[in-house]
Amino acid sequence: MPIDTHPRIRLATEQDVDKLHAMIVSLAKATGLREKVTSRPEDFRRFGSRGQPAFQALIAEQGSEAMGLSLFFYSFSSWRGELGVYVQDLFVDSRARGIGLGRRLIVETARLAKKRGATYLRLSVANDNSAAQAFYRSIGLTLSADECIYQAIGPAFENLTIRSTTGTPEAK
């Protein structure tokens, strides 16, 4: 099927979890990081459809075929006292690249967030993903030169949960 130059963008629903997960896997494959995806569609259902969902997603589609997504969640800046939106994942299927879909997904995410009261949008991108960095600059996003992202994953996170406030492991 030829690609429509203006696919429909809508909020994803619980019925879209398989499509969302498939696009996340495609994103990971495109960046050479497929082995890092350990999520399952059930995780998207569990965290995306509860009373206060952990995330929302916009899905771009042609007919019933998913062509792109913006998966995001809201955050609060304690320094500015403002609500913001964080784009966790932006994906455009390779067949739909070059038609402005990535820009449309970011714009629609910002518009939706603004309706909720958000005043800023943030995202992160891999240091070696120069194509994505160029795209984000081209649509007006700027690099935050005064921040580095730190993380605790797996055993490092578990170690944090068993440390007392003095920094030593708590007795069991």
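Scroll up a little and you will see the structure.
Read on for an overview of the structure. (Residues numbered from 1 in each chain as written. Predicted model: local features only at pLDDT ≥ 70, side-chain atom pairs only at ≥ 80, totals over all residues. Heavy atoms only, no water.)

Turning our eyes to something else, we now look at the packing of aromatic side chains. Applying the stated rule across the entire model yields four aromatic pairs. Taken together, a centroid distance of 6.1 Å and an interplanar angle of 90 degrees make the contact between Phe72 and Tyr74 edge-to-face. A single burial state applies to Phe72 and to Tyr74, both of which are buried. With a centroid separation of 5.3 Å and 55 degrees between ring planes, the pair formed by Phe135 and Tyr136 is classed as tilted. Tyr136 gets classed as buried once you look at its relative accessible area, which sits at 11%. The ring of Tyr120 has Arg80 sitting right over it, with the charged end atom 4.1 Å from the ring centre. Above the face of the Tyr74 ring, Arg116 is positioned so that its terminal group lies 4.0 Å from the ring centre. (Phe/Tyr/Trp six-rings, centres within 6.5 Å; stacked < 30°, edge-to-face > 60°. Buried < 20%, exposed > 50% of the residue type's maximum accessible area, 1.4 Å probe, protein only. Lys NZ or Arg CZ within 6 Å of the ring centre and 35° of its normal.)

As a packed pair, helix H1 (residues 17-30) and helix H2 (residues 41-48) sit with axes 8 Å apart at the nearest point and diverge in direction by 120 degrees. In this view, H1 runs oblique relative to H2, as classed from their interaxial angle. In the crossing of H1 with H2, the sense of the turn from one axis to the other is right-handed. Each of Val17, Asp18, Leu20, His21 and Ile24 in H1 lies in contact with H2, whose residues at this interface are Pro41, Phe44 and Arg45. Across the contact of H1 with H2, the residue classes tally to five nonpolar, one polar and two charged. (Axes fitted to C-alpha atoms, helices over the stretch in contact; angles between N-to-C directions. Helix = DSSP H or I, 4+ residues; strand = E, 2+ residues; numbered from the N terminus. Parallel < 35°, antiparallel > 145°, perpendicular 65-115°, else oblique. Left-handed = near helix turned anticlockwise from the far one by under 90°. Contact = heavy atoms within 4.5 Å. Nonpolar A, V, L, I, M, F, W, Y, C, P; charged D, E, K, R; others polar.)

Turning to the pattern of salt bridges, a few remarks are in order. On inspection of all chains with the given rule, the structure shows 13 salt bridges. As a salt-bridge pair, Glu61 and Arg10 come within 2.6 Å of each other at their nearest N and O atoms. Taken as a pair, Glu61 in strand E2 (residues 56-62) and Arg10 in strand E1 (residues 8-11) lie far apart in primary sequence, 51 residues in all. The pair formed by Glu61 and Arg10 is uniform in burial state, with each residue classed as buried. (Salt bridge = Lys/Arg side-chain N within 4 Å of Asp/Glu carboxyl O.)

The strand order across the open sheet formed by five strands is E1-E2-E3-E4-E5, and the pairing between neighbours is mixed. Edge positions in the sheet fall to E1 and strand E5 (118-123), since each of these pairs with one other strand and no more. Between one strand axis and the next, the sheet turns by 25 degrees as a mean value, whatever way the strands run. (Pairing = 2+ DSSP bridges.)

Let us look at the side chain of Ser77. If you trace the backbone, Ser77 turns up in strand E3 (residues 65-77). With residues up to four places along the chain from it excluded, the contact list for Ser77 reads Glu82 and Tyr120.

The next subject is the environment of Arg50. Take Arg50: it is sitting in the loop between H2 and E2. According to the relative accessible area criterion, Arg50 is partly exposed, its value standing at 43%. Separated by 36 residues in the primary sequence, Arg50 and Glu14 have C-alpha atoms spaced 9.9 Å apart.

Where H2 is concerned, the buried positions are Pro41, Asp43 and Phe44. In an axial view of H2, the angular spread of the buried residues amounts to 160 degrees, which keeps them on one side of the axis. Lining the buried residues of H2 we find H1 and E3. (Arc of directions from axis to C-beta.)

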